[in-house]
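A closer look at the structure
One letter stands for each residue in the lines below.
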Amino acid sequence: EQMPLRLTINGKAQQLSIEPRVTLLDLLREQLHLTGTKKGCDHGQCGACTVHIDGQRVNSCLTLAMTTEDCNVTTIEGLADGDKLHPMQEAFIKHDGFQCGYCTPGQIMSAVACIREGHADSPEEIREYMSGNICRCGAYANIIDAIMDVKK
Ligand code: FES
């Protein structure tokens with residue numbers, strides 16, 4: 001049975017009809033075709049699905065879409081300002097913060113939250129905050145450099 005859901009995604013108001021058991025990740029990817037948010041493990045272990053709900057980072061694979069009623073959801077697609085990339089996106093390019101790129105949207109969403117929440121004062125603090133975002137290519141050092149660069 002479908003249920004109504006009203007929320008804002010990347011600044012756009014949405015009136016949706018969804019299955020109550022659908023996750024925010026599947027809603028974004030399958031119903032709204034916002035495929036920038038990635039599905040890695042689908043059970044909270046990899047961070048590839050990281051988005052912001054009312055500015056807080058969450059694993060969208062662990063979030064039931066129904067719980068986001070009246071919330072503001074931001075995905076990687078909503079980070080740039082038109083054609084102008086977000087400073088964190090620029091920094092990932094400048095510092096080679098990715099190789100295959102699969103984890104990158106989640107890394108960037110966490111990185112933005114890392115600075116916003118005040119956990120970017122040292123490489124150690126950043127590493128701790130970013131520890132839920134796995135990169136199989138091992139780009140960690142460059143990701144930390146990118147965050148330090150935006151922070152300064
Ligand atoms: Fe959500 Fe891995 S897909 S944490």
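What you see is a predicted model, and the numbers here were worked out from it, not measured in a lab.

1. Here's the deal with the pairing of strand β1 (residues 3–9)
Where β1 lies against strand β2 (residues 12–18), 7 bridges are found, and the strand directions are antiparallel. When the bridges of β2 are listed, T8 appears paired with A13. Counted between consecutive antiparallel strands, the loop separating β1 from β2 contains 2 residues, among which N10 sits at a positive phi close to 50°. Relative to strand β5 (residues 72–74), β1 runs parallel, the two sharing 2 bridges. Looking across to β5, one finds that T8 is bridged to N72.

2. Thoughts on the domain arrangement of the protein
What the domain assignment reports for the protein is domain 1 (3–78) and domain 2 (87–151). A separation of 21 Å is found between the C-alpha centroids of domain 1 and domain 2. Counting from both sides, the interface comprises 13 residues of domain 1 and, opposite them, 12 residues of domain 2.

3. Structural notes on the packing of helix α2 (residues 87–94) against helix α5 (residues 140–151)
Following both chains from N to C, one finds α2 and α5 inclined at 135°, their axes separated by 8 Å at the closest point. The orientation of α2 with respect to α5, classified from their angle, is oblique. Crossing angle aside, the handedness with which α2 passes α5 is right-handed. Along the contact surface, α2 presents P87, M88, A91 and F92, while α5 presents A146, D149 and V150. Broken down by class, the residue content of the contact of α2 with α5 amounts to 6 nonpolar, no polar and 1 charged.

How each quantity is defined
- Residues numbered from 1 in each chain as written.
- Predicted model: local features only at pLDDT ≥ 70, side-chain atom pairs only at ≥ 80, totals over all residues.
- Pairing = 2+ DSSP bridges.
- Helix = DSSP H or I, 4+ residues; strand = E, 2+ residues; numbered from the N terminus.
- Domains from an automatic or database assignment.
- Contact = placed C-beta atoms within 7 Å.
- Axes fitted to C-alpha atoms, helices over the stretch in contact; angles between N-to-C directions.
- Parallel < 35°, antiparallel > 145°, perpendicular 65-115°, else oblique.
- Left-handed = near helix turned anticlockwise from the far one by under 90°.
- Nonpolar A, V, L, I, M, F, W, Y, C, P; charged D, E, K, R; others polar.

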